[in-house]
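Results of the structural survey
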Amino acid sequence: MRLSGTPAPTPVEITYRPSDIEELDRAGDEKRAKVPPPKDFLNQPQIFRTIGGFLDRNEAQLVRLVNNDPRAKESAFVVEYTSRDGEHVVDDHAGAAIYDMCVSMYKQRGKLTGTSGRCR
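A few points on the structure. Since the model is a prediction, treat every value here as computed from it, not as a measurement.

Examining the pairing of strand S4 (residues 77-82)
Counting buried positions along S4 gives five out of six residues, so the element sits mostly inside the fold. Pairing of strand S3 (residues 61-66) with S4 involves five bridges; the strand directions are antiparallel. Paired with Arg64 across the two strands is Glu80, which belongs to S4. Relative to strand S5 (residues 88-93), S4 runs antiparallel, the two being bridged by six bridges. Paired with Phe77 across the two strands is His93, which belongs to S5. Between S4 and the antiparallel strand that follows it, S5, lie five residues; Gly86 among them carries a positive phi value of about 85°.

Written out as structure tokens, the structure is:
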């Protein structure tokens with residue numbers, strides 16, 4: 001998975017290997033066990049979790065995640081994936097749409113855990 005920084009004169013590209021993502025997931029599990037859910041919905045873990053949830057719901061396989069694609073007009077993220085039918089899909093998501101997806105996912109987790117989306 002690749003996540004590039006915001007547009008800059010010299011863009012930076014960060015590449016995550018599957019082992020890196022597993023390590024981030026383990027660290028996140030440890031933190032979640034100790035700390036109440038964050039109120040900030042547009043942080044890196046929330047964005048990854050939300051896009052991952054979107055892909056899971058659609059039974060899709062991530063190809064690439066970019067947040068500084070110069071070809072994308074007014075989108076914060078470009079999610080490139082392969083659908084369950086094998087179709088190659090490129091979706092542009094505006095920052096507001098990602099935020100809404102994060103909030104929706106947070107509320108859904110609250111329903112599953114009985115907290116009704118409230119922070120503890």
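On we go from here.
Quick look at the packing of aromatic side chains
Centre distance and the angle of the planes are the two values used to describe a pair of aromatic rings. Within the structure shown, the criterion is met by two aromatic pairs. On the basis of an interplanar angle of 85° and a centroid distance of 5.6 Å, the ring pair of Tyr16 and Phe48 is categorised as edge-to-face. Here Phe48 lies in helix H2 (residues 44-57) and Tyr16 lies in the loop between strand S2 (13-15) and helix H1 (18-34), a separation of 32 residues in the sequence. You'll find Tyr16 and Phe48 in the same group, each marked buried. Judged by centre distance (5.8 Å) and plane angle (80°), the rings of Phe54 and Tyr81 are edge-to-face. Here the residue Phe54 occupies a position in helix H2, and Tyr81 occupies one in strand S4, the gap between them amounting to 27 residues. Neither Phe54 nor Tyr81 differs from the other in exposure class; each is buried.

Criteria and cut-off values
- Residues numbered from 1 in each chain as written.
- Predicted model: local features only at pLDDT ≥ 70, side-chain atom pairs only at ≥ 80, totals over all residues.
- Heavy atoms only, no water.
- Buried < 20%, exposed > 50% of the residue type's maximum accessible area, 1.4 Å probe, protein only.
- Helix = DSSP H or I, 4+ residues; strand = E, 2+ residues; numbered from the N terminus.
- Pairing = 2+ DSSP bridges.
- Phe/Tyr/Trp six-rings, centres within 6.5 Å; stacked < 30°, edge-to-face > 60°.

On their own, these measurements won't tell you what the molecule is for.
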